[in-house]
Amino acid sequence: MRAPRVAFVHYWMLKMRGGEKVLEELLKIWPSADIYTHVVDREALSPVFSNVRITETFVGSLPRAKRHYQKYLPFMPRALEELDLSAYDLVISSESGPAKGVIARPDALHVCYCHSPMRYLWDQYPYYRDRFPRPLRPVVSFMFHRLRQWDVASAARVDAFAANSWFVAKRLGRAWGRDATVIHPPVDLSDLGDGPVAGPGERSDYLFVSELVGYKRADLAIEAFRAMPDRRLLIVGDGEERGRLMRDLPPNVTMLGRVSRERLLELFGSVRALVFPGEEDFGIVPVEAMGIGCPVIAFRRGGATETVKADETGVFFDDQEPGALVAAVQRFEGMAERFAADRLQARAQEFSPERFRESFSRFVEDSWQRKLARRPADSVPAADLSMTGAP
């Protein structure tokens with residue numbers, strides 16, 4: 001029996017973020033797979049993708065699609081359904097923007113790795129709606145209502161779901177009425193070195209690392225440190241909120257903008273702790289911080305609760321308000337000796353790429369066996385998906 005033909009369907013490929021790093025690991029399992037996406041910028045991708053066949057949907061041919069791709073969201077369901085995937089035995093959709101709505105062969109296996117149900121359609125819909133001019137909001141409301149209907153209907157096309165965290169699995173179930181296997185995403189720690197670059201006694205600053213958008217809550221971190229003028233906060237990142245945040249920045253908070261990977265690792269190794277006040281689906285940054293021996297002070301919601309161990313690799317606070325973060329910083333400083341670098345690094349290693357590949361291969365194999373069990377007894381599969389396996 002021949003080896004399977006495999007297709008990955010990813011929402012868009014314009015930067016090397018978490019979703020693209022998942023694709024890198026999937027290519028190590030299925031190196032001959034083809035990739036389909038709405039919009040791609042090959043120059044922004046890692047060399048891993050240089051020899052991979054990547055096909056855009058018709059969205060990629062629309063005017064200035066690489067810059068304004070999100071404005072073409074209403075066209076994306078139709079674009080996915082126009083893709084011809086009839087040659088593929090295994091379809092793996094990577095969902096955060098629209099990706100899972102493709103139409104696979106009835107006898108093919110379609111599994112979806114969900115980074116998040118589309119936030120702008122579901123839990124963050126009011127935030128995104130209110131960014132439109134008021135006269136356009138009724139149109140946006142109608143359009144997003146129809147997109148939610150398609151989003152739910154297209155979930156029925158998927159044989160099995162995997163989610164990148166228990167938090168996302170619960171949101172997925174609420175939005176689509178489907179169960180999901182939890183497979184935490186890969187976090188590559190190979191370039192982190194052996195540990196902190198500064199000893200505990202030399203560490204004085206705190207660090208915030210994120211895109212500067214509303215739900216990341218840089219504003220909360222800034223207000224908390226405004227109330228602690230004897231402590232300094234360094235902010236790494238850029239985004240739409242930067243101008244507003246800069247207008248009233250206290251003297252003990254410094255905006256560093258975007259920094260190189262090397263500089264970021266230096267910061268992880270020299271600050272007292274990473275401050276993580278947002279609610280993330282998973283959150284790779286806390287794992288990277290722990291990988292270099294940096295504890296985490298995090299809001300007790302979302303993916304951070306699955307990566308940070310309370311009072312072992314970090315501390316939590318329960319309310320997204322400055323006083324709660326101030327109290328968490330003070331509590332952290334009273335127990336800083338608990339956060340040994342080797343314990344932090346051991347926790348981070350639990351999210352290794354090798355573990356991800358092993359778990360995802362097993363998920364596909366199990367999903368294939370369940371699909372086979374539902375086939376008529378006399379049917380013969382076109383390919384043997386049990387030939388997949390993590391290297």
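**Section: the pairing of strand β11 (residues 273-276)**
- Neither face of β11 is exposed, since A273 and V275 on one face and L274 and F276 on the opposite face are all buried.
- By the bridge criterion, two bridges tie strand β8 (residues 206-209) to β11 in an arrangement that is parallel. In the sheet register, Y206 faces β11, and the bridge partner there is A273.
- Of the pairings in the sheet, the one linking β11 to strand β12 (residues 296-299) comprises three bridges and is parallel in character. Bridge pairing in β12 links L274 to V296.
- The parallel pair β11 and β12, bridged by helix α10 (residues 284-291), forms a crossover whose chirality is right-handed.

**Thoughts on the pattern of salt bridges**
- The tally for this structure, following the rule as stated, stands at 35 salt bridges.
- A salt bridge links R129 to D130; the nearest nitrogen and oxygen atoms lie 3.0 Å apart.
- When its relative accessible area of 39% is taken as the criterion, D130 is described as partly exposed.
- As a salt-bridge pair, R232 and D205 come within 2.9 Å of each other at their nearest N and O atoms. Highlighted residues: R232 in the loop between α7 (218-226) and β9 (233-236) and D205 in the loop between β7 (181-182) and β8, separated in sequence by 27 residues.
- D205 sits in the buried class, given a relative accessible area of 14%.
- One network of salt bridges, in which partners are shared, links R119, D123, R171 and D281.

**Brief notes about the packing of aromatic side chains**
- A complete count under the given rule lists 16 aromatic pairs for this structure.
- Here a set of aromatic residues connected by ring pairs shows up, and it is made of F8, W30, Y113, F356, F360 and F363.
- We note R5 situated over the ring of Y88; from NZ or CZ to the ring centre the distance is 4.9 Å.

**What to know about the sheet that holds strand β10 (residues 253-257)**
- The sheet built from six strands is open, its strands ordered β10-β9-β8-β11-β12-β13 with parallel pairing. The sheet terminates laterally at β10 and β13 (314-317), the two strands that pair on one side only. The average angle at which neighbouring strand axes cross in this sheet is 25°, direction not considered.
- Packed onto the sheet, α7 meets β8, β9, β10, β11 and β13 and runs at close to 165° relative to β9.
- Contacting β8, β11 and β12, α10 crosses the sheet at an angle of about 170° to β11.

Cut-offs and rules
- Residues numbered from 1 in each chain as written.
- Predicted model: local features only at pLDDT ≥ 70, side-chain atom pairs only at ≥ 80, totals over all residues.
- Heavy atoms only, no water.
- Buried < 20%, exposed > 50% of the residue type's maximum accessible area, 1.4 Å probe, protein only.
- Helix = DSSP H or I, 4+ residues; strand = E, 2+ residues; numbered from the N terminus.
- Pairing = 2+ DSSP bridges.
- Right-handed = clockwise from strand over helix to strand, strands pointing away.
- Salt bridge = Lys/Arg side-chain N within 4 Å of Asp/Glu carboxyl O.
- Phe/Tyr/Trp six-rings, centres within 6.5 Å; stacked < 30°, edge-to-face > 60°.
- Lys NZ or Arg CZ within 6 Å of the ring centre and 35° of its normal.
- Axes fitted to C-alpha atoms, helices over the stretch in contact; angles between N-to-C directions.
- Contact = heavy atoms within 4.5 Å.

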